Amino acid sequence: MKVLILGANGYMGPHVVRKLAPAHQLRITDIRPAPEEIVNEFPKQEFMDVDVTSVEQVRSAARGMDAIINLSVVRQDPILAFHVNTLGCLHVMRTAVEFGIRRVINTGPHFAVAGPSYEQMDYRISPDIPPHPGIGLYPLSKSLGQEICRTYANQHDIQVLELLFYSLRDRHELEPGTGGVPFLIEWEDAAEAFRLALEVDSKELPSRCEVFFVFGDIPQMKFSNKKAKELLGFKPRQDVSAPWKRG
Amino acid sequence: MTSSSRIQRRAFLGRAGGVVAGGAAMGARLAVPVATAEESAGPAATRKSVAIIPPVAAVAQPVREALAASYQIRMLDPFVRFDQSLEEWAAGRRAMGDSLRGCDAIVYAPEPAPDRDEASLDELTRGTYDLLNVAASQKVQLVVFLSTLELMADYPKEFEVDEGFMPTTDTSVRRMSLYLAEFACREFAREGKLRCITLRIGQLANASATPASAGPLSVSPGEVARAVKAAVDVGFSQPSRLANWEIFHIQSSHSQARSSTEKAILQLGWKPDQD
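Definitions and cut-offs
Residues numbered from 1 in each chain as written. Chains lettered and ligands numbered in written order. Predicted model: local features only at pLDDT ≥ 70, side-chain atom pairs only at ≥ 80, totals over all residues. Heavy atoms only, no water. Core = buried A, V, L, I, M, F, W, Y, C linked by side-chain atoms within 4.5 Å. Buried < 20%, exposed > 50% of the residue type's maximum accessible area, 1.4 Å probe, protein only. Helix = DSSP H or I, 4+ residues; strand = E, 2+ residues; numbered from the N terminus. Contact = heavy atoms within 4.5 Å. Pairing = 2+ DSSP bridges. Axes fitted to C-alpha atoms, helices over the stretch in contact; angles between N-to-C directions. Lys, Arg positive; Asp, Glu negative; His and termini not counted. Salt bridge = Lys/Arg side-chain N within 4 Å of Asp/Glu carboxyl O. Polar contact = N/O pair within 3.5 Å; in protein donor to acceptor, adjacent residues only side chain to side chain. Parallel < 35°, antiparallel > 145°, perpendicular 65-115°, else oblique. Left-handed = near helix turned anticlockwise from the far one by under 90°. Nonpolar A, V, L, I, M, F, W, Y, C, P; charged D, E, K, R; others polar. 1 Å grid on protein atoms, 1.4 Å probe; cavity = no way out; pocket = protein on both sides within 12 Å on 5 of 7 lines; lining within 4 Å. Points joined across faces, edges and corners; volume = space filled by probe spheres on them. Phe/Tyr/Trp six-rings, centres within 6.5 Å; stacked < 30°, edge-to-face > 60°. Lys NZ or Arg CZ within 6 Å of the ring centre and 35° of its normal. Buried area = accessible area lost by both parts, 1.4 Å probe.

Turning our eyes to something else, we now look at the nonpolar core. Residue and element names in this part refer to chain B. Counting residues in hydrophobic clusters, the biggest one holds 71 residues, and the most contacted among them are L100 and I106. The greatest single-element share of this core, amounting to 10 residues, is contributed by helix α5 (residues 173-190). Setting aside its immediate chain neighbours within four residues, L100 contacts A51, R74, L76, I106, L131, V134, A135, Q138 and V140. L67, A68, Y71 and I250 belong to the second-largest nonpolar core, a separate cluster that totals 37 residues.

Right, here's the structure in full:
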């Protein structure tokens, strides 16, 4: 499959590239240059400079692609957060419609759906709840982008998969007693979720826009990753429960 | 009230329609906010202050006239513009904060301009978010947000759509912008930062419209202005008769009317035109 990756040179992108490169033809794009080791490791993959705030640049990058993975994100800049997280989704979806690209994988934080009003009060929180992002710049601007993706998926034959993450760590960082938000995953397991989302048959999904909480198996039962396991076949390999064990 | 009695009332209360509420390019007068008018019909200390944003909104003047006898009015331009720099944005935000100091309520009537495409969508999403953030920081108690009944347009005509139906959108800039702006307002209300009363307004009738041309969503400027006045009055009531987040559908009552306005009649004391 020919896959455009937007925002590919941040923290998540290199892991996704390594996971997908063996089986897919990638167009790796960002406003930042790709890490040198990725360029050296994948000389046959394509690299481009693309700013997701420019619909023209997204269009030129998406030509000939079968799928788009949108990893772009801005968390703090009050203007760019909306231009990247919200309008960026508009550009992705319009481009997908124009070029007949039928699969889009969009990303965001878990609180684009499950904001403070859920997290402070509930348990077994699943991704299929009405979004309550709260009023943080990052979660709200991402949540609005997600609504745009959902709207386009409802009107066009495009399969959207929203993969929501929060805390990502290397294996060596999974130390007892370090705690954190109970929505944790190891990088390689996170990347595997992209492969599964790219390859899952749309017939196996209930609708054209599905949201998934992607995290490892942790003890709190605050959130649920059951849907990702059942629909994507997600099987986190790394035990990420250690941070909540006594040090 | 039974469905049949509502239908009878609507048959009696005909109203013409035509022009969709809004239509003025929101960006046409975007600038650093300036208090363009301050009105008072009595001692300022005894009257609450209401800002109307933006002054170019199609209903801004009727709303101003409806409120002026009871409230101090401030007419303010929005400060978020699609192509502004971070410095311009920050200056605009500070100026809006100054303009809203001591303000008790905002009547917010943003109007998407489809010809401005994503600029309009940005100004309604980011613009709403930024405005409500400033309003919350200035301890504005109440926002009356003018949305659109177009968000209920997907339901089959056999249903009388009320506020309990879920809003939906298509990919048009106009409808999606207001859908997302409403989404942002709801989150501010949910977090308890301010009270938000959303009035989903029908299609604004123009002056030359006749009862015979009344559209299924038509509403008169006077009806909108009275609904805003009622929302502000009830929004300030103590003890509160409303939750932090309330929606009311506002349109004329006539035989072809698509939406139930029962909630506004009962809870706001709003009355449609008697025609």
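Having put the structure on the table, let's press on.
Before going further, it helps to spend a moment on the sheet that holds strand β6 (residues 159-165) of chain A. Note on sheets: strands pair through backbone hydrogen bonds, and any given pair is parallel or antiparallel. Residue and element names in this part refer to chain A. Spatially, β3-β2-β1-β4-β5-β6-β9 is the arrangement adopted by the 7 strands of the open sheet, whose pairing is parallel. The sheet is open, and its two borders are formed by β3 (46-49) and β9 (209-213), each paired with just one other strand. Across this sheet, the average inter-strand angle for adjacent strands is 20°, counted without regard to direction. Examined bridge by bridge, strand β2 (residues 25-30) and β3 share 4 bridges and lie parallel to one another. Following the sheet pairing, R27 is matched in β3 by E46.

Residues and elements named next belong to chain A. Along the chain, D189 falls in helix α8 (residues 187-199). Buried within the structure, D189 lacks any salt-bridge partner; its nearest side chain of opposite charge belongs to R237, at an N-O separation of 5.5 Å. A polar atom in the side chain of D189 sits 3.0 Å from the backbone nitrogen of R237. Discounting chain neighbours no more than four positions away, the residues touching D189 are F234, K235, P236, R237 and Q238.

This next bit is on the packing of helix α3 (residues 86-100) of chain B against helix α4 (residues 117-137) of chain B. Residues and elements named next belong to chain B. For the pair α3 and α4, interaxial distance at closest approach is 9 Å and the crossing angle is 45°. Of the possible angle classes, the one that applies to α3 and α4 is oblique. Remark: the crossing between α3 and α4 carries right-handed chirality. Where α3 abuts α4, its residues W89, R93, M96, G97 and L100 lie against R126, D130, L131, N133, V134 and A135. Its residues assigned to classes, the contact of α3 with α4 shows 6 nonpolar, 2 polar and 3 charged.

Below, the discussion takes up empty space enclosed by the protein. All names here are of chain B. Taken as a whole and assessed by the stated rule, the structure comprises 2 cavities of 30 Å³ or more. Considered as a void within the structure, the second largest cavity measures approximately 60 Å³ in volume. As for the second largest cavity, its lining consists of 11 residues, of which P78, F79, Y108, G127 and L131 are closest to the centre. Per element, the largest residue contribution to the lining of the second largest cavity is 4 residues, and it comes from α4. Among the residues making up the lining of the second largest cavity, the classes are represented as 8 nonpolar, 2 polar and 1 charged.

To continue, consider the packing of aromatic side chains. Residue and element names in this part refer to chain A. Under the definition given, this model contains 13 aromatic pairs over all chains. Seen in terms of ring centroids, F111 and Y138 are 5.7 Å apart; in terms of plane orientation they differ by 90°. Their pairing is edge-to-face. On the criterion of sequence distance, the pair formed by F111 in the loop between β5 (103-109) and α6 (116-119) and Y138 in helix α7 (residues 137-155) is long-range, its members being 27 residues apart. Take Y138: its relative accessible area is 15%, and that puts it in the buried class. Put simply, the rings of F183, F213, F215 and F223 pair up and form one aromatic cluster. The ring of Y123 has K222 lying over it, and the distance from NZ or CZ to the ring centre is 4.4 Å.

Residue and element names in this part refer to chain B. Along the chain, E163 falls in the loop between β5 (142-148) and α5. Buried charge without a partner: E163 forms no salt bridge, and the closest opposite charge is K263, 5.6 Å away. A distance of 2.8 Å separates a polar side-chain atom of E163 from the backbone nitrogen of H249. Once you skip the residues sitting within four places of it in the chain, E163 turns out to touch I247, F248, H249, S260 and K263.

On to the interface of chain B and chain A, then. Many structure descriptions define interface size as the accessible area lost when the parts assemble. If you look at the interface, chain B gives 26 residues, while chain A gives 27 residues. Buried area between chain B and chain A, both sides added, is near 2,400 Å², and the carbon and sulfur share of it is 70%. Summed over the shared surface of chain B and chain A, the result is 1 salt bridge. With a shortest N-O distance of 2.7 Å, D117 of chain B and R94 of chain A are connected by a salt bridge. The interface formed by chain B and chain A contains 9 residue pairs in polar contact (both at pLDDT 80 or more).

Here we take up the environment of P216 of chain B. Residues and elements named next belong to chain B. Structurally, P216 can be placed in the loop between β7 (203-204) and β8 (218-219). Residue P216 is classed as partly exposed on the basis of its relative accessible area, which comes to 41%. Separated by 37 residues in the primary sequence, P216 and S253 place their C-alpha atoms 9.4 Å from one another. The contacts of P216, once residues within four sequence positions are left out, are Q251, H254, Q256, A257 and R258.

This brings us to the layout of surface pockets. Residues and elements named next belong to chain A. Space inside the largest pocket adds up to approximately 740 Å³. Lining the largest pocket are 28 residues, with L71, S72, V73, V74 and R75 sitting closest to its centre. The set of elements that each furnish at least two residues to the lining of the largest pocket consists of α4 (80-85), β5 and α7. A total of 3 residues in the lining of the largest pocket trace back to one element, the largest contributor, which is β5. Of the residues contributing to the lining of the largest pocket, the split by class is 16 nonpolar, 7 polar and 5 charged.

We now examine unusual backbone geometry. Following I53 of chain B, the chain continues into P54 of chain B via a peptide bond in cis, with omega recorded as -5°. Examined against the element boundaries, P54 of chain B turns out to sit in the loop between β2 (49-53) and α2 (60-67). Positive phi is not limited to glycine here, since M221 of chain A has a value of about 60°. Counting through the fold element by element, M221 of chain A comes out in the loop between β9 and α9 (226-232). Even without glycine at this site, K139 of chain B takes up a positive phi of about 60°. Within the element layout of this structure, K139 of chain B appears in the loop between α4 and β5.

As far as function goes, none of this settles anything; it's purely spatial.
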